[in-house]
Every structure is written in C-alpha cells, then in structure tokens.
Amino acid sequence: MSPGQAGSAQSARPAGAARPTGAQSAAAAARARRVKLTVSRVDPWSAMKMSFLISVALGIAGVVMVAVLWMILSGMGVFSEVNRLVGTIISDSENPFDIMDFLGFGRVLSLSIVLGVIDVILMTALATLGAFLYNICSALVGGLQLTLTDD
C-alpha cells in the first residue's frame, strides 16, 4: 500500500469509529496457533546415539556422586564409628573387623564404575530396542499424535 492509499484508508473510517488500541492488536497477535503433528517413526540410530550420551553422562555423575558421598561419610567419621561398634559386638581379638576391607575408597569407586558401564550398555540397548518397537507399533496404529501451540 502506498502512503497515499494509507491516508485514504484512514479517511475512509467513519469519524465516530474507534481506532484499534495496542492491547486489542496485541491480543489478536497473541492468539496461539494449534498444530497437530504425528510422530510416525523414531530413527533407531539417533535414539541409540542420544541414549548413549545421556547414559554416559549419568554414569559419570553417578561415579562422582559415589566418590563425594564416600568422602563425606569418611570425613564425618561414620566408618570409624561402624568399626568401633562392630568391634564391640564381635570382640574377636584374633580377627579384628575393619570395614575398610569391604568399603574402601578404591573398592567402592571401582564398583560404581562397573555399574556405570553396565548402565551405559543396558540403557543404550533398551533405548534402541524401544525405538524399534515404537516403529513397529506406529506402523500398526499410526503413531503418537501431538498438538503443539505457538505462543
């Protein structure tokens, strides 16, 4: 529209007609669009890559969490108190009980790393299998329907 046409459009409005306010035009623009989408297929390769990365991150976080928790418990003296308590209960002078034989830092950290590796393998395999199963079910029933809104 040229500037001359815009002026004529404004002059064509009746004198008593109210001009749209900013709030009314913002409300019209704020109306959300609704879009229906269907997830008909999940690529097993991308599901495997994502689940691998997420499970590696969770495994590393788990090892760090176990290490920090062990250091906190050791710093609070929990292990020495357990040693003292079990020593008074057993009271065997030939074979003294030491909880660090079972819960030493190296042993606990090694076990958490092994569990993290098993977790990575299982989560990756299950997510990939889940993608294959989703694709089979989606072929039968049409997939998962989502309604998205544009805010």
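Residues numbered from 1 in each chain as written. Predicted model: local features only at pLDDT ≥ 70, side-chain atom pairs only at ≥ 80, totals over all residues. Heavy atoms only, no water.

1. Side note on a nonpolar patch on the surface
So the rule is basically this: The residues that make up patches have over 30% relative accessible area and no salt bridge, and they are joined within 9 Å when like-charged or within 5 Å when they are Val, Leu, Ile, Met, Phe, Trp or Tyr. Surface accessibility in these figures is a Shrake-Rupley result with a 1.4 Å probe; residues are shielded only by whichever protein chains are displayed. Salt bridges are defined as contacts in which a side-chain nitrogen from Lys or Arg sits within 4 Å of a carboxyl oxygen from Asp or Glu. Think of it this way: any DSSP run of H or I at least four residues long counts as a helix, any run of E at least two long counts as a strand, and we number them from the N terminus. Residue burial is assigned from relative accessible area. The probe radius is 1.4 Å, only protein chains are included, and a residue is buried under 20% of its type maximum, exposed over 50%, and partly exposed in between.
On the surface, Leu111, Val114, Leu115, Ile118, Leu122, Leu126, Leu129, Leu133, Ile136, Leu140 and Val141 cluster together into a nonpolar patch covering about 1,100 Å² of accessible area. In this fold, Val141 is placed in helix α6 (residues 105-141). Under the relative-accessibility criterion, Val141 is labelled exposed at 71%.

2. Quick notes on the packing of aromatic side chains
Spelled out, the test is: Two rings from Phe, Tyr or Trp (for Trp, the six-membered ring) form a pair when their centres are within 6.5 Å of each other. A pair whose planes differ by under 30 degrees is stacked, one over 60 is edge-to-face, and the rest are tilted.
Applying the stated criterion across every chain yields a total of two aromatic pairs. Chaining the aromatic ring pairs together yields one cluster made of Trp70, Phe79 and Phe105.

3. As for the confidence of the model for the protein
Put simply, the rule is: pLDDT expresses, on a scale from 0 to 100, how confident the predictor is about each individual residue. Here, two residues are considered to be in contact whenever any of their heavy atoms come within 4.5 Å of each other.
With 80% of its residues at a pLDDT of 70 or more, the protein shows a mean pLDDT of 84. Residue range residues 1-11 is modelled with pLDDT below 50. Its contacts to residues more than four positions away, or to other chains, number two contacts.

4. Remarks on the side chain of Asn135
Tracing the backbone shows Asn135 in helix α6. Assessed through its relative accessible area of 15%, Asn135 is described here as buried. Residues in contact with Asn135, not counting those within four places in the same chain, are Arg41, Val42 and Pro44.

5. So, the pattern of salt bridges
A side chain with one charge can pair with a side chain of the opposite charge if their charged atoms come near. For the structure shown, the criterion picks out three salt bridges. The partner of Asp150 in a salt bridge is Arg33, with the nearest N and O atoms 3.7 Å apart. Of this pair, Asp150 sits in strand β2 (residues 144-150) while Arg33 sits in strand β1 (residues 33-39), and the two are 117 residues apart along the sequence. The exposure class of Asp150 is partly exposed, given its relative accessible area of 40%. Classification of Arg33 by relative accessible area gives exposed; the value is 56%. With a closest N to O distance of 3.8 Å, Arg41 and Asp43 form a salt bridge.

6. Quick notes on the packing of helix α3 (residues 44-76) against α6
Where we set the bar: Orientation is described by axes fitted as lines to C-alpha atoms, over the contacting stretch for helices, and by angles from 0 to 180 degrees between their N-to-C directions. Every angle not falling under 35 degrees, over 145, or within 65 to 115 is termed oblique; those three ranges are roughly parallel, roughly antiparallel and roughly perpendicular. When the near helix sits turned anticlockwise from the far one by under a right angle, the crossing is termed left-handed; a clockwise turn instead gives a right-handed crossing. Side-chain classes are defined by residue name, with Ala, Val, Leu, Ile, Met, Phe, Trp, Tyr, Cys and Pro counting as nonpolar, Asp, Glu, Lys and Arg as charged, and the others, Gly among them, as polar.
Where α3 meets α6, the closest approach of the two axes is 8 Å, and the angle between their N-to-C directions is 160 degrees. The angle between α3 and α6 falls in the class roughly antiparallel. In this structure, α3 crosses over α6, and the sense of that crossing is right-handed. Considered class by class, the residues forming the contact of α3 with α6 number 20 nonpolar, six polar and one charged.

7. A word on the environment of Ser55
Our working definition: Here a polar contact is taken to be a pair of N or O atoms separated by no more than 3.5 Å, where protein atoms must pair a possible hydrogen donor with a possible acceptor and residues adjacent in sequence count only if both atoms sit in side chains.
Within the element layout of this structure, Ser55 appears in helix α3. The buried category is assigned to Ser55, whose relative accessible area is 0%. Along the primary structure Ser55 and Ile121 are separated by 66 residues, whereas in three dimensions their C-alpha atoms are 8.4 Å apart. Sequence-distant contacts of Ser55, defined by excluding residues within four places in its chain, comprise Asp119, Val120, Met123 and Thr124. One polar contact links the side chain of Ser55 to the main-chain carbonyl oxygen of Phe52, over a distance of 3.0 Å.

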